[in-house]
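# Coordinates in review
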Amino acid sequence: FGLDISGENATAILHPSRCSSSGTVKGGQGGAGLYILAKNVVFEGTINLSGGNGKQKDICDYNSYSASWVVTGGGGGGSMVLRTSKVISSSGIFISNGGNRGGGSLDYGIKGGDGKMILIK
């Protein structure tokens, strides 16, 4: 469609008191929402509404061993509503995983929530 309907990034984390140069780090972007209205549906291919990953960054940008590392969370996956009278075929794949928390060694598997798909007939 050419439209960007994806979710926004989580609020940025800012630590101006920790460094002489203030840095900010945004959280992962949330997945888009999608609503489809159709009389008949042939669902093939992939619909991916996954959230973006978080970030890990030294907000002081001058010392990789400083205590100013910030780790942000992943964005949640988007959700989809499909309203139809008839599903003719359904071989498609729906993916809506939450993004992972940012940060190599600081990543403990914490991620944004997954999205859902609902079919209304």
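Here, every reference points to the structure presented above.
Summary of the structure given here. Owing to the predicted nature of the structure, the values given are computational and were not obtained by experimental measurement. (Residues numbered from 1 in each chain as written. Predicted model: local features only at pLDDT ≥ 70, side-chain atom pairs only at ≥ 80, totals over all residues. Heavy atoms only, no water.)

### Looking at the environment of Ser-90
For Ser-90, the position within the fold is in strand β7 (residues 80-90). Judged by relative accessible area, Ser-90 falls into the exposed class, the value being 54%. Sequence separation between Ser-90 and Gly-45 is 45 residues, and the spatial gap between their C-alpha atoms is 9.4 Å. (Helix = DSSP H or I, 4+ residues; strand = E, 2+ residues; numbered from the N terminus. Buried < 20%, exposed > 50% of the residue type's maximum accessible area, 1.4 Å probe, protein only.)

### Section: the side chain of Thr-84
For Thr-84, the position within the fold is in strand β7. Its relative accessible area of 5% is what places Thr-84 among the buried residues. In this structure the side chain of Thr-84 is engaged in a polar contact, spanning 3.2 Å, whose partner is the backbone oxygen of Lys-86. Apart from the residues lying within four places of it in its own chain, the contact partners of Thr-84 are Ala-38, Lys-39, Asn-40, Val-41, Leu-119, Ile-120 and Lys-121. (Polar contact = N/O pair within 3.5 Å; in protein donor to acceptor, adjacent residues only side chain to side chain. Contact = heavy atoms within 4.5 Å.)

### Notes on the nonpolar core
Grouped together as the largest cluster of nonpolar side chains are 7 residues: Ala-32, Val-41, Phe-43, Ile-47, Leu-49, Met-80 and Leu-82. Going through the elements one at a time, β3 (34-43) and β7 are the ones with two or more residues in this core. When neighbours within four sequence positions are excluded, Phe-43 is seen to be in contact with Ser-89, Ser-90, Ser-91, Gly-92, Ile-93, Phe-94 and Met-117. (Core = buried A, V, L, I, M, F, W, Y, C linked by side-chain atoms within 4.5 Å.)

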